[in-house]
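Architecture and fold: a report
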Amino acid sequence: MRFLKWSITGLSCVVVTSAMCLFAISGVASEPQAKTFNVGQSGAKGDGVTLDTVAIQKAIDAAAEHGGIVVFPAGTYLTGSIFVKSGVTLEVDKGVTLLGSQHLEDYPMMPTRVAGIEMSWLAALVNVYKQTGVKIIGGGIIDGDGKVWWDSYWALRKVDEPKGLRWASDYDAKRPRLIQVYDSSDVELNGLMLRRSGFWTVHICFSHDVTVDGVTIRNNEGGHGPSTDGIDIDSSRKILVQHADIAVNDDALCLKAGRDADGLRVNRPTEDVVLRDSIVREGAAGVTFGSETSGGFRNIEAYGITTLKGVPVGILFKSAHTRGGFAENVRIHDMTMTDTPVVFRITMNWNPSYSYAKIPDGMTNYPEYYKVLTTPVPEAQGIAHVRDVHIWNVKATSAKRVFEVDAYANAPLENFVLDHWNVQAQSAGHIADAKDWKMSDMSLAIADGSAVTVTDSSDVMGLPQVAAK
């Protein structure tokens, strides 16, 4: 048998002519297999009754010392807030459920951002807080058991609204999020079933290089959880969300960047984001920009998104005249909408009773965050500017309206390109406050025969001819 031998720096290789090649890497040891830490060995019971927070955290902390994997025997683990550390893989496999405690004291208060402002708030059920190199993976379930939080919110709304405090309810009603990734990087969420979140489901805030892949979100089981957003990307960058399956009672795939004076102070955009190949079964919209727009959005691409009957709007931009911020270089394409009532909506005066905070006359005893929410924003800084948006390859059936687009005369929606739309709808709808829009290959089959109404706009070119449906 004949042998050939050669050497490369740091590598010696022997080749056997019988096609068997043996490699010996000089001075380079193979990577050791990651050590596994079983929460059962840390004292977790997994019986759905015993509070397992301390035992789970003990396993996570041990794994953090070695860059290890935390695993769970099959079972239901009742837990409060847990904190996944750098280098740790939290493996929640099939047959495993992390079940959120229904007691506020099991969720510590800590600095964070909530609904657009920085404040102290409950930690999430599962937290990646100022960490790097974290994975939360597996085919198991993370269940917020959220109805108790939903009920507390609605009860508070009944008290707040008559006082003129609708805007305060989302901050006053303390409800834990399901997963928060905060000020972290190199994070992966993969394959999980996320259920019944008390508040937002996945909140990615002040973070970068985060991937969310193959998650299923169900927040409408046992009731419709208020403000149970699906995936919120908040003043973060280099984010990929793909293969999500979402049914929630508010924004499904949502981009956020801060609210009003506090958001303008922080001034951090959401940028370099891809949302793709996902289905939204229930939610406020398929893809949402806002309403927290203060830091702005840049270089966003969304495609391969399907919306179904439980979704009222396909593509939604929303802001308010105190938000400020911008959206630019936005690309949305290959959208499929079935029984989605409104194809494309832009509203820059969204939900005034929530958007515009005012402390009622005579009220003197209120939390510090009321001052933050009611800090005035100068008019020139309060209007969001949306420009350079391309939307193409949109297919929609059984819609009620194609367009519901409104902005402000002093901040028109600039440089939109719409092409290759095939839409069946009851009416065409309207576009207001637009500038430099170009449309082409727009096939609209409109049941009532109406054309798109355009007002207070300039250079809107290529308006589609309407064919009777």
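Residues numbered from 1 in each chain as written. Predicted model: local features only at pLDDT ≥ 70, side-chain atom pairs only at ≥ 80, totals over all residues. Heavy atoms only, no water.

**Thoughts on the overall build of the chain**
Helices and strands together make up the secondary structure of the chain, namely seven helices and 37 strands. Computed over C-alpha atoms, the radius of gyration of the chain comes to 25 Å, within 12% of the 23 Å expected from 2.2 N^0.38 for 469 residues, which places it in the range of a compact globule. Each principal axis of the C-alpha distribution contributes one length, and for the chain these read about 80 × 65 × 40 Å. Within the chain, the proportion of its 469 residues that are buried is 54%. (Helix = DSSP H or I, 4+ residues; strand = E, 2+ residues; numbered from the N terminus. Rg over C-alpha atoms; globule rule 2.2 N^0.38 Å. Buried < 20%, exposed > 50% of the residue type's maximum accessible area, 1.4 Å probe, protein only.)

**Describing the packing of aromatic side chains**
A complete count under the given rule lists 20 aromatic pairs for this structure. Their ring planes at 5° and their centres at 4.3 Å tell us that F289 and F317 sit as a pair that is stacked. Of the two residues, F289 is situated in strand β27 (residues 287-289) and F317 in strand β29 (residues 313-318); the sequence distance between them amounts to 28 residues. Both residues of the pair, F289 and F317, belong to the buried class. Each ring, one from F344 and one from W421, has its centre 6.4 Å from the other, and the planes form 65°; the classification is edge-to-face. (Phe/Tyr/Trp six-rings, centres within 6.5 Å; stacked < 30°, edge-to-face > 60°.)

**Some details on helix α2 (residues 147-160)**
Over its 14 residues, α2 extends 20 Å from the first C-alpha to the last, a length consistent with the 20 Å expected when each residue adds 1.5 Å. For α2, the full list of buried residues reads W149, W150, Y153, R157 and D160. Each buried residue of α2 lies within a common arc of 100° when the element is viewed along its axis, so the set occupies one face. Here the buried face of α2 lies against α3 (169-172). (Expected span 1.5 Å × (residues − 1). Arc of directions from axis to C-beta. Contact = heavy atoms within 4.5 Å.)

**A word on unusual backbone geometry**
Peptide bonds are, in most cases, trans, and in most cases residues other than glycine have a negative phi. Cis geometry is found at the peptide bond from G290 to S291, where omega equals 5°. A positive phi angle is found at D334, which is not glycine, with a value near 55°. Mapping D334 onto the fold places it in strand β30 (residues 326-338). Residue classification places D334 among the partly exposed positions, given a relative accessible area of 34%. Despite not being glycine, N351 shows a phi value in the positive range, around 45°. Assignment of secondary structure puts N351 in the loop between β31 (342-347) and α5 (352-355).

**Quick word on the nonpolar core**
Grouped together as the largest cluster of nonpolar side chains are 116 residues, with contacts concentrated most on I231, F317, F344, W421 and W437. For this core, the leading source of residues is strand β32 (residues 385-406), giving nine residues. In this structure, A123, Y182, C205 and F206 belong to the second largest nonpolar core, which totals eight residues. (Core = buried A, V, L, I, M, F, W, Y, C linked by side-chain atoms within 4.5 Å.)

**A look at the pairing of strand β17 (residues 185-190)**
Along any regular strand, the residues point their side chains to alternate faces of the sheet. Pairing analysis gives five bridges linking strand β14 (residues 132-137) to β17, with the strands arranged parallel. Across the sheet, K135 pairs through a bridge with E188, a residue of β17. Sheet topology note: the β17/strand β20 (residues 208-213) ladder contains five bridges and is parallel. Counted as the bridge partner of S185 is H208 from β20. (Pairing = 2+ DSSP bridges.)

**Let's talk about the pattern of salt bridges**
For side chains of opposite charge, pairing can occur when their charged atoms come near one another. Scanning the model with the defined rule gives 26 salt bridges in all. R265 is the salt-bridge partner of E118, the closest N and O atoms lying 2.6 Å from each other. Separated by 147 residues along the polypeptide, E118 in strand β12 (residues 117-122) and R265 in helix α4 (residues 260-266) bring together distant segments of the chain. Given a relative accessible area of 31%, E118 falls into the partly exposed group. In this structure, K318 and D251 form a salt bridge, with 3.1 Å as the shortest nitrogen-oxygen distance. (Salt bridge = Lys/Arg side-chain N within 4 Å of Asp/Glu carboxyl O.)

**Looking at the state of the cysteines**
Inspection of every chain in the model, using the stated rule, returns zero disulfides. Cysteine C205 is unpaired, with the sulfur of C254 as its nearest cysteine sulfur at 13 Å. Residue C254 is classed as buried on the basis of its relative accessible area of 1%. (Disulfide = S-S within 2.5 Å.)

**Concerning the side chain of T347**
Within the fold, T347 resides in strand β31. Excluding its chain neighbours within four sequence positions, the residues that come into contact with T347 are L316, F317, K318, S319 and D406.

**Quick look at helix α1 (residues 53-64)**
The first and last C-alpha atoms of α1 sit 16 Å apart over twelve residues, in line with the 16 Å expected at 1.5 Å per residue. Among all positions of α1, only T53, A55, I56, Q57, A59, I60 and A63 are buried. For α1, the secondary structure elements touched by its buried residues are β4 (36-38), β5 (47-51), β6 (69-71), β7 (75-79), β8 (82-83) and β9 (89-91).

**Side note on the confidence of the model for the chain**
Looking at the chain, pLDDT values average 93 and 92% of them are 70 or higher. The low-confidence segment residues 1-29, where pLDDT is below 50, has 31 contacts with residues more than four positions distant or belonging to other chains. (pLDDT = per-residue confidence, 0-100.)

**A word on the environment of A284**
As for its placement among the helices and strands, A284 is situated in the loop between β26 (270-282) and β27. The class of A284 is partly exposed, set by a relative accessible area of 22%. Each C-alpha atom of the pair A284 and V248 lies 8.1 Å from the other, and the pair is 36 residues apart in sequence. Excluding anything up to four places from it in sequence, A284 contacts D250, D251, V311, P312 and V313.

**Some remarks on the side chain of R157**
The residue R157 is located in helix α2 in this model. Within the structure, R157 has its side chain in polar contact with the side chain of Y153 (distance 2.8 Å). Setting aside its immediate chain neighbours within four residues, R157 contacts P162, R166 and S169. (Polar contact = N/O pair within 3.5 Å; in protein donor to acceptor, adjacent residues only side chain to side chain.)

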